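The primary structure of each chain is shown beneath.
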Protein chains: 2
Amino acid sequence: MEYIEAKNKFIQAWGTLGTSWGINKTMAQIHALLLLSTESITTEDIMQELQISRGNANMNIRALIDWGIIEKEHKLGERKEFFKADKDIWELARQVSKERRRREIEPILRVLDQVQDVSGTNEEEIKEFKQVTGDLMGFSLKIDGMLDKFTKSDSNWFYKMLLKL
Amino acid sequence: MEYIEAKNKFIQAWGTLGTSWGINKTMAQIHALLLLSTESITTEDIMQELQISRGNANMNIRALIDWGIIEKEHKLGERKEFFKADKDIWELARQVSKERRRREIEPILRVLDQVQDVSGTNEEEIKEFKQVTGDLMGFSLKIDGMLDKFTKSDSNWFYKMLLKL
DNA sequence: TTAAATTTTCAGTAATTTTTGAAACATTAA
DNA sequence: TTAATGTTTCAAAAATTACTGAAAATTTAA
């Protein structure tokens with residue numbers, strides 16, 4: 001398969017995958033493009049490669065920076081900003097885990113916690129409510145702990161863990 | 001906190017969480033409602049509780065059944081269909097992992113595989129392309145293997161794994 | 001300073017996804 | 001059968017989300 005075809009295929013697939021995990025398509029595509037770039041590139045390059053507007057490019061680049069998975073670079077004698085992605089996949093996974101944990105697991109844990117002191121007249125439904133939300137919280141806490149360990153470890157730790165299984 | 005308030009809060013939070021993980025809000029809310037129900041309920045009940053249309057209820061109930069996380073029940077002497085959720089959170093996690101693996105990880109693995117035999121004139125970009133997509137595939141395969149093991153094990157295995165860490 | 005280059009913002013538009021509601025379809029009871 | 005009850009489908013509407021493009025803001029060079 002020719003490079004250009006493979007590249008487009010990968011960018012497209014990465015966009016689609018992102019979409020089904022709640023990440024907007026353009027954001028994932030910009031990330032894919034940067035993963036493949038041998039050197040850091042400008043907003044103009046991204047606009048041109050993905051055929052998107054300046055506003056769209058700018059917003060999604062910023063979102064990627066907020067997620068901590070790409071970064072700005074300044075080149076000597078250049079006024080433009082350049083961007084590059086971290087090519088270390090383990091680092092990427094760690095960063096994504098960290099952010100999703102913070103943005104999504106923590107809020108649901110907070111709600112599950114708040115909701116634990118429920119009261120009411122129907123014994124059975126109260127019991128069921130506490131049981132289900134309690135189980136959910138227990139499970140979430142376990143996942144949360146695992147992710148915490150994961151985000152603080154190196155790829156080696158994860159690799160060993162997989163072996164132990 | 002009063003039961004009705006806690007219930008609504010939980011349903012709302014579950015819907016929001018679903019949304020940020022690419023699952024539609026109503027689908028997640030129906031699931032939350034069923035998790036809290038002490039007995040199986042009808043489409044009418046769901047429509048009434050969540051204030052949604054029949055079509056919407058029907059479509060999302062079907063989606064939940066497709067995901068394998070709720071099921072139909074027929075009651076003796078009743079023509080209506082009743083629905084109930086599996087209350088076992090481990091089972092839920094296992095089922096969701098299984099489905100997402102099939103729907104999302106497998107497709108991306110297929111693309112990464114296809115794209116491996118890339119060719120072109122620019123040595124550096126080909127090398128980088130192979131490196132990045134190869135790493136990504138390696139990582140995805142590891143996650144895939146872990147999920148496979150997870151979906152085929154019982155909660156006890158997972159619990160032990162967490163202890164070993 | 002002023003001007004040129006670059007980045008950011010955001011109102012309006014477009015695209016996508018979700019929801020409705022009514023009609024078609026299916027099943028069971030009489 | 002026919003009628004009543006219940007389920008599914010799907011075109012249209014609504015809601016949400018993403019994108020554009022131009023103007024405003026910011027930064028740097030002269």
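Residues numbered from 1 in each chain as written. Chains lettered and ligands numbered in written order. Predicted model: local features only at pLDDT ≥ 70, side-chain atom pairs only at ≥ 80, totals over all residues. Heavy atoms only, no water.

**Let's talk about the protein's contact with DNA strand C**
Alright, step 1. In the neighbourhood of DNA strand C, 18 residues make up the surrounding shell, with Asn58(A), Arg62(A), Thr26(B), Ser53(B) and Arg79(B) lying closest.
Alright, step 2. Each atom of DNA strand C within 4 Å of the protein was assigned to sugar, phosphate or base; sugar and phosphate come to 65%.
Alright, step 3. A distance of 2.7 Å separates a phosphate oxygen of DNA strand C from a polar atom in the side chain of Arg62(A).
Alright, step 4. In the environment of DNA strand C, a phosphate oxygen lies 2.7 Å from a nitrogen or oxygen atom belonging to the side chain of Thr26(B).
Alright, step 5. Going through the elements one at a time, α4 (54-66) of chain A together with α4 (54-66) of chain B are the ones with two or more residues in the surface near DNA strand C. (Near = heavy atom within 4 Å. Polar contact = N/O pair within 3.5 Å; in protein donor to acceptor, adjacent residues only side chain to side chain. Helix = DSSP H or I, 4+ residues; strand = E, 2+ residues; numbered from the N terminus.)

**Considering the sheet that holds strand β3 (residues 81-85) of chain B**
Residue and element names in this part refer to chain B.
Alright, step 1. Here we have 3 strands laid out as an open sheet, ordered β1-β3-β2, and antiparallel in their pairing. On the outer flanks of this sheet lie β1 (41-42) and β2 (70-74), each paired with one strand and no other.
Alright, step 2. In the packing of α4 onto the sheet, contacts are made with β2 and β3, and the angle to β2 comes to roughly 110°. (Pairing = 2+ DSSP bridges. Contact = heavy atoms within 4.5 Å. Axes fitted to C-alpha atoms, helices over the stretch in contact; angles between N-to-C directions.)

**Remarks on the domain arrangement of chain A**
Residues and elements named next belong to chain A.
Alright, step 1. If you check the domain split of chain A, you get domain 1 (3-85) and domain 2 (89-164).
Alright, step 2. Computed over C-alpha atoms only, the centres of domain 1 and domain 2 are separated by 30 Å.
Alright, step 3. Counting residues at the interface gives 7 residues for domain 1, matched by 6 residues for domain 2.
Alright, step 4. Together, the buried faces of domain 1 and domain 2 total about 660 Å²; carbon and sulfur atoms form 66% of this surface.
Alright, step 5. Considering only the surface of domain 1 that becomes buried against domain 2, Trp21, Trp67 and Ile69 emerge as the three largest contributors, covering 66% of it.
Alright, step 6. Scanning the region where domain 1 abuts domain 2 turns up 2 residue pairs in polar contact (both at pLDDT 80 or more). (Domains from an automatic or database assignment. Buried area = accessible area lost by both parts, 1.4 Å probe.)

**Quick notes on the side chain of Thr43(A)**
All names here are of chain A.
Alright, step 1. You can see threonine 43 is positioned in helix α3 (residues 43-50).
Alright, step 2. Overall, the relative accessible area of 16% leaves threonine 43 in the buried class.
Alright, step 3. Beyond its immediate sequence surroundings of up to four residues, threonine 43 is in contact with Ala57, Ile61, Glu81 and Phe83. (Buried < 20%, exposed > 50% of the residue type's maximum accessible area, 1.4 Å probe, protein only.)

**A word on the interface of chain B and chain A**
Alright, step 1. Tallying the contact residues gives 53 residues for chain B and 53 residues for chain A.
Alright, step 2. Of the roughly 5,300 Å² buried between chain B and chain A on both sides combined, carbon and sulfur atoms contribute 76%.
Alright, step 3. Taken together, the connections running from chain B to chain A amount to 2 salt bridges.
Alright, step 4. Here Glu128(A) ties to Lys87(B) by a salt bridge, and the two come within 2.1 Å at their closest N and O atoms.
Alright, step 5. Our count for the contact surface shared by chain B and chain A stands at 14 residue pairs in polar contact (both at pLDDT 80 or more). (Salt bridge = Lys/Arg side-chain N within 4 Å of Asp/Glu carboxyl O.)

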